[in-house]
Amino acid sequence: MLDAFLVEKLLSFLKEDAYPDDITGRLASGINSVAQLRLKGEGVLCGVRVVIPFLKYMGLQVRNYREDGSKVKRDDIVLTFEGDGEVVLAVERTVLNVISRLSGVSTATKLMVENAREVNQYVRIAGTRKTTPGFRDLEKYAIEVGGGDPHRLGLFDAVLIKDNHISLLGGVSESIRKAKSISSFTKKIEVEVSSLEDAMKAYKEGVDAILLDNMTPHEVREVVQELKGKVILEASGNITPDNVRAYASTGVDVISSGFITHSSKAIDMSLDVFRF
């Protein structure tokens, strides 16, 4: 089931690149070819698991590969496959785009996790919905490969009352009460706040988690001192590898960061193709 889903998604990426025809690739039709994906950077590999079902669907044979989550360095060969030259050349950019992008996300996540856990071994690093359109499910997978938590996959996953909801509904307490009145018991309720006062209001209303948005580490620490162990506390807002230690040191339970998806740098790599 998962493989079929991955094939369908990558076929849509291929269509964007190769439809209605790869006019240059036709030159290599019928030539037996082998392709090696070689690293030009370093980091945490991700995306090989994603592309293998697609390559097999395209009639290509996968010979060797490194597992997602592997630490890789420059000049490492992480995937080798073979088949008709026209097909190999057609899938080249799709394969490179997917693996280089996802490896960038997993690498950024790993860096955030390592930095944060230097000062707080229990903190979770989570993603956000600031993802590339069409790539969210894959980027969320890359976050997990990097040791992070995917957070919500979409708006359906949980109730997360944010500042705009609060503005429309008339306050923190009012928003939580309304959410409880329309939500299933199976859905967690989290509310976004930007002050200790509102965090205390949210706690008294019985939410499952409180998101401390765009608060300084000092402000986050004040909330943690009051509510640690009573409710899940999440810090978010402009948190990067450079300042994540400061937030982790507050004792907060979760740190969510859009950086790991919207600002991570793709890992450069190339596909070398040869006759065989």
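Residues numbered from 1 in each chain as written. Predicted model: local features only at pLDDT ≥ 70, side-chain atom pairs only at ≥ 80, totals over all residues. Heavy atoms only, no water.

Participant: Would you mind going over the sheet that holds strand E5 (residues 77-84) with me for this structure?
Facilitator: Taken in spatial order, the 4 strands line up as E3-E5-E1-E12 in an open sheet, and their pairing is antiparallel. Looking at the sheet topology across the chains shown, the edges are occupied by strand E3 (61-65) and strand E12 (269-275). Pairs of neighbouring strands in the sheet enclose a mean axial angle of 20 degrees, with direction left out of account. Bridge count for E3 against E5 is 4 bridges, and the pairing is antiparallel. Residue pairing in the sheet places Asn-64 in a bridge with Thr-80 of E5. Contacting strand E1 (32-39), E5 and E12, helix H3 (residues 85-117) runs over the sheet at an angle of about 160 degrees to E5. (Pairing = 2+ DSSP bridges. Helix = DSSP H or I, 4+ residues; strand = E, 2+ residues; numbered from the N terminus. Axes fitted to C-alpha atoms, helices over the stretch in contact; angles between N-to-C directions. Contact = heavy atoms within 4.5 Å.)

Participant: Mind showing me how you'd approach the pairing of strand E10 (residues 232-236) here?
Facilitator: Each regular strand carries side chains that alternate between the two faces of the sheet. Counting buried positions over the 5 residues of E10 gives 4, a clear majority of the element. As defined by bridge partners, strand E9 (residues 209-213) adjoins E10 across 5 bridges and the pair is classed as parallel. Pairing of Ala-209 across the sheet is with Ile-232, part of E10. On the question of chirality, the crossover connecting E9 to the parallel E10 by way of helix H8 (residues 217-227) is right-handed. Examined bridge by bridge, E10 and strand E11 (residues 254-256) share 3 bridges and lie parallel to one another. Counted as the bridge partner of Ser-236 is Ser-256 from E11. (Buried < 20%, exposed > 50% of the residue type's maximum accessible area, 1.4 Å probe, protein only. Right-handed = clockwise from strand over helix to strand, strands pointing away.)

Participant: Help me understand helix H1 (residues 2-18) in this model?
Facilitator: Side chains three or four residues apart in an α-helix point the same way, a direct result of the helix having 3.6 residues per turn. Its 17 residues place the ends of H1 24 Å apart at the C-alpha level, agreeing with the 24 Å of an ideal helix rising 1.5 Å per residue. Inspection of H1 places Leu-6, Val-7, Lys-9, Leu-10, Phe-13, Leu-14 and Ala-18 among the buried residues, and these make up the whole buried set. Elements that come into contact with the buried residues of H1 comprise helix H2 (48-57), H3 and helix H4 (136-145). (Expected span 1.5 Å × (residues − 1).)

Participant: Whenever I open this one, the nonpolar core confuses me. Can you help?
Facilitator: Soluble globular proteins tend to bury their nonpolar side chains together. Formed by 72 residues in total, the largest nonpolar core has its most connected members in Leu-37, Leu-55, Leu-79, Phe-81, Val-191 and Ile-210. If near-sequence neighbours (up to four positions away) are discounted, Ile-210 is found in contact with Glu-190, Val-191, Val-193, Ala-199, Ala-202, Tyr-203, Leu-227, Val-231, Ile-232, Leu-233 and Glu-234. (Core = buried A, V, L, I, M, F, W, Y, C linked by side-chain atoms within 4.5 Å.)

Participant: Sorry, what's going on with the sheet that holds E10 here?
Facilitator: In sheet architecture, strand pairing relies on hydrogen bonds along the backbone and comes in two forms, parallel and antiparallel. With parallel pairing, 6 strands are arranged side by side in an open sheet as E6-E11-E10-E9-E8-E7. At either margin of the open sheet sits one strand with a lone partner, and together these are strand E6 (124-126) and strand E7 (159-161). Ignoring strand direction, the axes of neighbouring strands in this sheet form an average angle of 25 degrees. Running over the sheet, helix H7 (residues 196-204) touches strand E8 (189-193) and E9 and is turned about 165 degrees from E9.

Participant: I'm lost on unusual backbone geometry in this one. Help?
Facilitator: At the junction of Tyr-19 and Pro-20, the peptide bond is cis and its omega measures out at 0 degrees in the coordinates. In this fold, Pro-20 is placed in the loop between H1 and E1. Positive phi, close to 55 degrees, is recorded for Asn-214, a residue that is not glycine. Mapped onto the elements of the fold, Asn-214 is located in the loop between E9 and H8. One non-glycine residue with positive phi stands out, namely Asn-238, at about 60 degrees.

Participant: Is there a simple way to think about H2 in this case?
Facilitator: The buried count for H2 comes to 7 of 10 residues, which makes it a mostly enclosed element. Every buried residue of H2 is listed here: Val-48, Val-50, Val-51, Ile-52, Pro-53, Phe-54 and Leu-55. Of the surrounding elements, those touching the buried residues of H2 are H1, E3, E5, H3 and H4. Just downstream of H2 lies Gly-59, where phi reads positive at about 85 degrees.

Participant: How do you make sense of the pattern of salt bridges when you look at a structure like this?
Facilitator: Opposite charge on two side chains permits pairing when their charged atoms draw close. Per the counting criterion, the structure on display carries 16 salt bridges. One salt bridge connects Lys-40 with Asp-268, and the closest N-O pair in it is separated by 3.7 Å. Note that Lys-40 is positioned in the loop between E1 and strand E2 (43-44) and Asp-268 in the loop between helix H10 (259-262) and E12, a separation of 228 residues in sequence. According to the relative accessible area criterion, Lys-40 is partly exposed, its value standing at 39%. In this structure Asp-268 comes out as partly exposed when scored by relative accessible area, which is 42%. (Salt bridge = Lys/Arg side-chain N within 4 Å of Asp/Glu carboxyl O.)

Just distances and angles here, no functional claims.
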